[in-house]
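Structure assessment
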Amino acid sequence: MFFVDTLEFEGLGNRSYLVGGPRAAVAVDPPRDVDQVIAAAAKRGVRIAYVAETHVHNDYITGGPELARITGASYLVPAAAHVSFARTPVADGDTVTVDEGLVLRALATPGHTPHHTSYVLEEDGRGAAAFTGGSLLIGTVGRPDLVEPRLTEELARAQHASAHRLADELDDEVPVLPTHGFGSFCSSSQAEGDATTIGRERTANDALTLDVDTFVAEMLAGLDDVPAYYAHMGPANAAGPAPVDLTPPGRADAGEIAARLAAGEWVVDLRSRTAFAEGHVAGSFNFEGDGKLATYLAWLIPWGKPVTLLADTPERIADAQRELARVGIDRPAAAATGDPAAWIREGERLASFPRARFADLAEVRGRGEDVVVLDVRRDSERAAGHVEGAVHVPVHELYGRLDEVPSGTVWVHCAGGMRAAIAASLLDAAGRAVVAVDDGFDAAREAGLTVTRP
């Protein structure tokens, strides 16, 4: 018998796995904060004998080298991956014995990267689970455009072939256990569900139901924006990341917060968008700790810019610090918790801005008031329909394009409210009058606003 423990990282849309038998296990695509992998192994009472990477990741910093160092495990990395650290190179068909009756077999599945490798767990000689990394995902495949633009079509075709190889070699009942595809931007498209099998993918995955030319054309047409911080992940992983430091940051008082803002550093408020709108440090930005914090903060912040975190509790700071370390934002410059009134100096006041619904925007427009409507969704979302007359600047581009937002009060919206809150905080910090529309986009048409296509 074997076990598979799933470690889920909702903020990044990824999963890692610990799989093994009664005595030993292998960790597949481990996160940078390896303590939870070690804890999972301790709970099972097993030794981590192997650490396996499916590829050099482009969306997060791996904990593979550190986990292998701490546990003494063999570090399995695709042989064709260009890395500068010691590892055990694995090629197509290579096997390792994880525990009695349990063998892990490497299966070359290029596409997401040229060297991408899946791992098939075989129990008594029969395929029992497939760890597919960024190859075959749930209803889709990993995107092929993160390595080199000139290779994108070639890798897209390789993805199609790799998906078919997995389907040809494995039985219908074999679980497919991908690393990406749960909201990750490494996925070529988003799919429903959180579990699948080879058999289910045969009937539901475009890579297995469409001919290669149609599949490639449709996938390439549907690729969305790439988070800017991805450019830093691959090189860091190829070099071998440093161990993560999760010790608490120093405490910042009101004077230090003001000084860091004056120096052009980022001060990030992790509280809910409701609390932030009601009262916040002027000049601070709102990235909710419960949202996709790592993705959007790492996407927007100038790389290497010091960041100070503000939150209700020390626990929220610790959670954010852990999540940010996964994308290479290693050490907050400082942090503060508690009552926001303590984050400002004597004589200063907290800033605020109103929140609204699409019905409120319709009412304001109905009165003939001249307001700026700013849509901060991605291009693909806007293509499905937008509020007539809305200015469009995706949230990940807004920090560098604030001067393109027309003068006047800005009513900013996204698809649900989280990104609008980020955008509203950026505009507010720049001194703009802003209203954050905290509403689902479907409510725009219901409120009587005209929704059109480009």
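Structure: see above.
Residues numbered from 1 in each chain as written. Predicted model: local features only at pLDDT ≥ 70, side-chain atom pairs only at ≥ 80, totals over all residues. Heavy atoms only, no water.

Notes on unusual backbone geometry
- Residue D29 is not a glycine yet carries a positive backbone phi of 50°.
- Exposure remark for D29: the relative accessible area of 0% places this residue in the buried category.
- Positive phi, close to 50°, is recorded for D124, a residue that is not glycine.
- Within the fold, D124 resides in the loop between strand 9 (117-123) and strand 10 (126-133).
- What makes D124 exposed here is its relative accessible area of 66%. (Buried < 20%, exposed > 50% of the residue type's maximum accessible area, 1.4 Å probe, protein only. Helix = DSSP H or I, 4+ residues; strand = E, 2+ residues; numbered from the N terminus.)

Re the pairing of strand 13 (residues 266-269)
- The side-chain alternation of strand 13 yields two buried faces, one formed by W266 and V268 and the other by V267 and D269.
- Two strands pair when backbone bridges link them, and strand 13 and strand 14 (residues 285-286) are joined in this way by two bridges, in the parallel orientation. The residue bridging V268 from the neighbouring strand is F285, located in strand 14. (Pairing = 2+ DSSP bridges.)

Looking at the sheet that holds strand 20 (residues 391-392)
- Spatially, the five strands line up as an open sheet ordered 17-22-21-18-20, and their pairing is parallel. Strands with a single pairing partner mark the edges of an open sheet, and in this sheet they are strand 17 (355-356) and strand 20.
- Looking at chain direction, strand 17 and strand 22 (residues 434-437) are connected through two bridges and run parallel. Counterpart to A356 in the pairing with strand 22 is V437.
- Contacting strand 17, strand 18 (372-375), strand 21 (410-413) and strand 22, helix 12 (residues 358-366) crosses the sheet at an angle of about 150° to strand 21. (Contact = heavy atoms within 4.5 Å. Axes fitted to C-alpha atoms, helices over the stretch in contact; angles between N-to-C directions.)

Some thoughts on helix 15 (residues 418-429)
- For helix 15, which comprises 12 residues, the first-to-last C-alpha distance of 17 Å matches the rise-based estimate of 16 Å (1.5 Å per residue) to within 8%.
- Of all the 12 residues making up helix 15, 10 are buried; the element is thus mostly covered by neighbouring parts of the structure.
- Among all positions of helix 15, only R419, A420, A421, I422, A423, A424, S425, L426, L427 and D428 are buried.
- Of the residues flanking the end of helix 15, it is G431, one or two places downstream, whose phi is positive at about 90°. (Expected span 1.5 Å × (residues − 1).)

A short note on the pattern of salt bridges
- Going through the model one piece at a time under the given rule, you end up with 38 salt bridges.
- In this structure, R23 and E100 form a salt bridge, with 3.5 Å as the shortest nitrogen-oxygen distance. Of the two residues, R23 sits in the loop between strand 2 (14-20) and strand 3 (24-28) while E100 sits in the loop between strand 7 (95-99) and strand 8 (102-108), which places them 77 residues apart along the sequence.
- Using a relative accessible area of 47% as the deciding quantity, one classes R23 as partly exposed.
- A relative accessible area of 68% places E100 in the exposed class.
- E169 is the salt-bridge partner of R105, the closest N and O atoms lying 3.3 Å from each other. Pair noted here: R105 is in strand 8 and E169 is in helix 3 (residues 152-169), with a separation of 64 residues, a long-range link.
- You can call E169 partly exposed: its relative accessible area is 36%. (Salt bridge = Lys/Arg side-chain N within 4 Å of Asp/Glu carboxyl O.)

Regarding the sheet that holds strand 16 (residues 334-337)
- Strand order in the open sheet made by the four strands is 14-13-15-16, with parallel pairing throughout. Each end of this open sheet is capped by a strand with a single partner; those strands are strand 14 and strand 16.
- Two elements, strand 13 and strand 15 (residues 307-311), share four bridges in a ladder whose sense is parallel. Its bridge partner being in strand 15, W266 is matched across the sheet by V307.
- Helix 11 (residues 314-325) contacts strand 15 and strand 16 of the sheet and is inclined by roughly 140° relative to strand 15.

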